[in-house]
Amino acid sequence: MKIKGIIVVICVVVLGIAAYFIFRPHEPVSVIPQEFAQVPEKPKLVAEFTAKYHLRSMSGFDRIVPKGFTSANTTGARSIYSVAFSPVDASLIASINRNGTINLWDRDNTEAPVKVLRHPEIFASIGFSPDGKLLVSARWKLVLWDVATGKKVNTLDTAFNEFAFAPDGKLLATIPDGVKLWDIQDPKKITEVATLPFNKAHEVKSGACAVGISPDGKWIAVGRTNGIVNVWDLQTEQLVKTLETSLYQMDYLKFSPNNTYMVAGGLERDMYIHHGEKGYIMWELPSWQRKGEVLRGHVENMAISPDGKLCAHANHISPLFGSGVELWDIGSGAPITFIDPLETRDVAFSHDGRLLATGSKDGVIRVWELTPQQLEGVTIPADVVRILYLHPEGKIPPPNITNKIDKTIRAVQDFYSDEMERHGFGRKTFTYETDENGKAKVYLVQENQTIYPDFSNDIWLAVWDDTSDISFDDYPLHITNASRKFLFPTKKGFKGNISSFYTIGFTHGKLVHAYTKNLKRKPLAHILRNAFSLPYLPFEHKPNALSTRLKRLFNRVNNMMPWGNGYAKLTRCEAAWLDKNRFFNPNQPFFDKRPQIEMTISNEDSSDTRLFKFAITDEDGIHQAQLFVPIDMESQRWRKKFHDCQELNGKKKASAVFRITDPRIEAVMFQMIDIHGNIAQREFTIVTKSKEPSKDP
């Protein structure tokens, strides 16, 4: 009887709990219309210009070949090498292609150029004088053109295609066999006024290749082929600063218009014979201290906005080398927006800073209008989770969906805080974007809208109704702009019996998605693992024969109980990774020095155990190293699972050793995070050594 009584009591308690969760009052449905934020847009393409080049085409069609050019000269002839806005008229744009054809364009007339000029050499660059009356083209010859008439005014001998105007337009600096200053107040009668001497200590085997004059007219700086930057006082012609860089040859040297920074960019010396990768280095003025550097890919040229707050750089190699145009906050390096992958050689701001002109390898000059949000990008908080709600056409958003999202993401925040605290890192967690009321800011994306959201930076969590018949891919989302990668050049692609590939770096933006049914603490915490670059965990739903109502009850109770945390629970290794993750440490600097990763293998003993030793160098300081091994031994180059991690405590040079006992493993992936939250990874494949031919006795 006692046993029966206990069973009855248990049944009553269980049924009581079930009745509570099933029949308890639910959150009241709000009758107040929900407010959604408007999605941030990408820069708007407002004009395109395509010149009709009079050159023999590679396909064999007959064209007029200019005097001095042959068909051999015309490879890539359409490629735009330089673009420039008039400093006084934003509707006037100049461009020059590979073979020296100069076009002046009216932004409101895309049919044909206003004027067509010709520079006598290939690979030239162009620029306007400060008053906009002169246009200069330079490469071996420097030609001054009258903008109003299109006529040639004068010609100087020069070497590289770099030149610089003094801010008052009275002086022009060139770099033939030194740094020459010319008085051009009368462009028809140019006179040389000074030649600046090089620093004797660095004069051996180094010529000038880039020049810039500060906007206040105080300094003139010259970049050298040995990586040295010399800075003179322009008034006294005295050398005041010598700066050393790792750049082999500089393509440009610029001062920001607000006289806050100086930027030099070009070929990185260590990588010169390995793909000739390019980057840039910044100094803060007037202290001349290094502000930051990016030596990660083919940064071909750079432009700084007129207010000196924004910077745009152009790449023209493949997407994995970061091709396209990126806009960022020049002070912190925080990304603001990214223009779709275009093999772009040059970029320029209009004098009011609202427009960008880009010149691409396809021979097209494009003009982009920046949004107010992008122009004010420095005021937008970086490294936050932002939320999209995907709205199917013809449906009304579920009531209280914004409140549900806010409530759930707060719970996920608390979950990560609890996990970080459990591992001894304090209550550190990610942040998400909120509105003026402190609630989650939710952006609405409609099924057939023509506005494409900008996923250039931050984490975007896309939520859509699981009852919709359309797929995630049917929404107008440029998902290729999220989770973008770029390649750090690597000195050695093959070493011994190890084939090593490029080191891959990651941009700071990611796009992850969830159904409305996943808006619970545990599933959403699991989904955000990928956003924070934590090791992949499969998300499996176990079959359940319970009725729909009981299953819903079971899931709800399970999600509320302590054991419900187990699925997304963090390991010590993962918590240590998040301790330096950008989204758990907002407002970090975004500059990223190039990491170097090399691997060697040795046998630990006579068994199958091998030691995988990684030599790592990163001037930013290495926080943690992780190793991943294949899931499937048949296709080892693809999916990999987490193997082990090591904390390296901010060392700039370190080694990490991992033991692997499975002799079938022939490919591994190494991943690291530095103390600023920059992430890089590299894959290695073990190549079987060819056997030497046997020798007959």
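Chemist: Honestly, the overall build of the protein chain in this entry has me stumped. Any pointers?
Modeler: Secondary structure assignment for the protein chain yields six helices and 41 strands. Out of the 697 residues belonging to the protein chain, those deemed buried represent 53%. Long-range contacts, defined as pairs at least 24 residues apart, comprise 57% of the intrachain contacts of the protein chain with a sequence gap of at least 6. Of the accessible surface of the protein chain, which amounts to about 33100 Å², a share of 53% is contributed by carbon and sulfur atoms.

Chemist: I keep staring at the environment of L295 and nothing clicks. Help me out?
Modeler: If you trace the backbone, L295 turns up in strand β22 (residues 289-297). For L295, a relative accessible area of 5% gives the class buried. Separated by 14 residues in sequence, L295 and I281 place their C-alpha atoms 8.0 Å apart. Among residues more than four places away in sequence, those in contact with L295 are S246, L247, E268, G279, Y280, F488, D592 and R594.

Chemist: I keep staring at the sheet that holds strand β26 (residues 335-339) and nothing clicks. Help me out?
Modeler: Each strand in a sheet pairs with another by means of backbone hydrogen bonds, the pair being arranged parallel or else antiparallel. If you trace the four strands from one edge of the open sheet to the other, you get β23-β24-β25-β26, paired in antiparallel fashion. One side of each edge strand has no neighbouring strand; the edge strands of this open sheet are β23 (299-304) and β26. Strand-to-strand twist in this sheet, taken as the mean axis angle between neighbours without regard to direction, amounts to 20°. Two elements, strand β25 (residues 324-329) and β26, share four bridges in a ladder whose sense is antiparallel. Paired with L327 across the two strands is T337, which belongs to β26.

Chemist: How should the confidence of the model for the protein chain be read in this particular structure?
Modeler: Low pLDDT means the predicted atomic positions in that stretch should not be read closely. Of the residues in the protein chain, 77% have a pLDDT of 70 or more, and the chain-wide mean is 80. For the stretch residues 53-75, pLDDT sits under 50, and the model shows 37 contacts to residues farther than four places along the chain or on other chains. Across residues 690-697 the pLDDT falls below 50, and counting only partners more than four positions away or on other chains, this stretch makes zero contacts in the model.

Chemist: For this particular structure, what's the right way to read the pairing of β26?
Modeler: Remember that side chains alternate between the two faces of the sheet whenever the strand is regular. Across the five residues that make up β26, a large majority, five, are buried. Here β25 hands over to β26 after five residues, with G333 in that stretch at a positive phi of 80°.

Chemist: What is the right way to look at the side chain of Q413 in this model?
Modeler: For Q413, the location among the structural elements is in helix α3 (residues 401-422). Judged by its relative accessible area of 16%, Q413 is buried. Not counting residues up to four positions away in its chain, the partners in contact with Q413 are T429, F430, T431 and Y432.

Chemist: I would appreciate a short explanation of empty space enclosed by the protein in the present structure.
Modeler: One water molecule sets the probe size; rolling that probe over the atoms shows where empty space is left. Overall, the coordinates contain three cavities of 30 Å³ or more when judged by the stated rule. Computed from the structure, the second largest cavity encloses a volume of approximately 140 Å³. In terms of lining residues, the second largest cavity is bounded by 14 residues, among which T507, H508, S533, F583 and I679 are the most central. For the lining of the second largest cavity, the class distribution of residues is six nonpolar, six polar and two charged.

Chemist: Help me understand the pattern of salt bridges, please; the structure alone is not making it clear to me.
Modeler: Side chains that differ in charge, positive against negative, can pair when their charged atoms come close. Taken as a whole, this structure holds 22 salt bridges when the rule is applied. With a closest N to O distance of 3.5 Å, R572 and E647 form a salt bridge. Taken as a pair, R572 in helix α6 (residues 572-578) and E647 in strand β39 (residues 640-660) lie far apart in primary sequence, 75 residues in all. For R659, the salt bridge identified is with E604, shortest N-O distance 2.6 Å. Note that R659 is positioned in strand β39 and E604 in the loop between β37 (596-603) and β38 (610-630), a separation of 55 residues in sequence. Taking relative accessible area as the criterion, E604 reaches 34% and is therefore assigned partly exposed.

Chemist: Which parts of the structure should I look at to understand the state of the cysteines?
Modeler: Each disulfide consists of a covalent bond between the sulfur atoms of two cysteine residues. All told, the structure shown has one disulfide when counted by the stated rule. In this model, C573 is linked to C645 through a disulfide, with the two sulfur atoms separated by 2.1 Å. Of the two residues, C573 is situated in helix α6 and C645 in strand β39; the sequence distance between them amounts to 72 residues. Exposure remark for C645: the relative accessible area of 18% places this residue in the buried category.

Chemist: Would you mind going over the packing of aromatic side chains with me for this structure?
Modeler: We describe a pair of aromatic rings using the distance from one ring centre to the other and the angle between the two ring planes. Following the criterion strictly, the structure yields 21 aromatic pairs and no others. Taking the centre distance of 5.7 Å and the plane angle of 75° together, the rings of F628 and F642 count as edge-to-face. In this pair, F628 sits in strand β38 while F642 sits in strand β39, placing the two residues 14 residues apart along the sequence. Since its relative accessible area comes to 6%, F628 is described here as buried. Taken together through their ring pairs, the aromatic side chains of F415, Y416, F430, F532, F583 and F584 make up a single cluster. A cation sits over an aromatic face here: K517 above Y515, 5.3 Å from the ring centre.

Chemist: In this structure, what is going on with unusual backbone geometry? I would like to understand it.
Modeler: Glycine aside, residues mostly have negative phi, and peptide bonds are mostly found in the trans state. Between L285 and the following residue, P286, the backbone shows a cis peptide bond with an omega angle of 5°. In this structure, P286 sits in the loop between β21 (278-284) and β22. Within the chain, S533 stands out as a residue other than glycine whose phi angle is a positive 60°. Among the structural elements, S533 can be located in the loop between α4 (521-531) and α5 (548-560). Despite not being glycine, N649 has its phi angle at roughly 55°, a positive value. Its location among the elements puts N649 in strand β39.

Chemist: Is there a simple way to think about the sheet that holds strand β8 (residues 134-139) in this case?
Modeler: Strand order in the open sheet made by the four strands is β7-β8-β9-β10, with antiparallel pairing throughout. Unpaired on one side and paired on the other, β7 (125-128) and β10 (152-157) mark the two borders of the sheet. Ignoring strand direction, the axes of neighbouring strands in this sheet form an average angle of 20°. Note: strand β9 (residues 141-146) against β10, five bridges, orientation antiparallel. The partner of V143 across the bridge, within β10, is T155.

Chemist: Is there a simple way to explain the nonpolar core in this structure?
Modeler: Soluble globular proteins: nonpolar side chains tend toward being buried together. Counting 42 residues, the largest nonpolar core has Y416, F430, F532 and L578 as the members making the most contacts within it. Only β30 (385-391), α3, β31 (442-446), β32 (459-464), β35 (498-506), β36 (510-515), α4 and α6 provide two or more residues apiece to this core. Counting residues per element, this core draws most heavily on α3, which supplies seven residues. Not counting the four nearest positions on each side in its chain, F532 is found in contact with V385, Y416, F430, I459, W577, L578, N581, F583 and F584. Among the nonpolar cores identified, the runner-up in size contains 23 residues, and I616, V629, L648 and F658 belong to it.

Scoring rules and cut-offs
- Residues numbered from 1 in each chain as written.
- Predicted model: local features only at pLDDT ≥ 70, side-chain atom pairs only at ≥ 80, totals over all residues.
- Heavy atoms only, no water.
- Helix = DSSP H or I, 4+ residues; strand = E, 2+ residues; numbered from the N terminus.
- Buried < 20%, exposed > 50% of the residue type's maximum accessible area, 1.4 Å probe, protein only.
- Contact = heavy atoms within 4.5 Å.
- Areas by Shrake-Rupley, 256 points an atom, 1.4 Å probe, with all protein chains shown as cover.
- Pairing = 2+ DSSP bridges.
- Axes fitted to C-alpha atoms, helices over the stretch in contact; angles between N-to-C directions.
- pLDDT = per-residue confidence, 0-100.
- 1 Å grid on protein atoms, 1.4 Å probe; cavity = no way out; pocket = protein on both sides within 12 Å on 5 of 7 lines; lining within 4 Å.
- Points joined across faces, edges and corners; volume = space filled by probe spheres on them.
- Nonpolar A, V, L, I, M, F, W, Y, C, P; charged D, E, K, R; others polar.
- Salt bridge = Lys/Arg side-chain N within 4 Å of Asp/Glu carboxyl O.
- Disulfide = S-S within 2.5 Å.
- Phe/Tyr/Trp six-rings, centres within 6.5 Å; stacked < 30°, edge-to-face > 60°.
- Lys NZ or Arg CZ within 6 Å of the ring centre and 35° of its normal.
- Core = buried A, V, L, I, M, F, W, Y, C linked by side-chain atoms within 4.5 Å.

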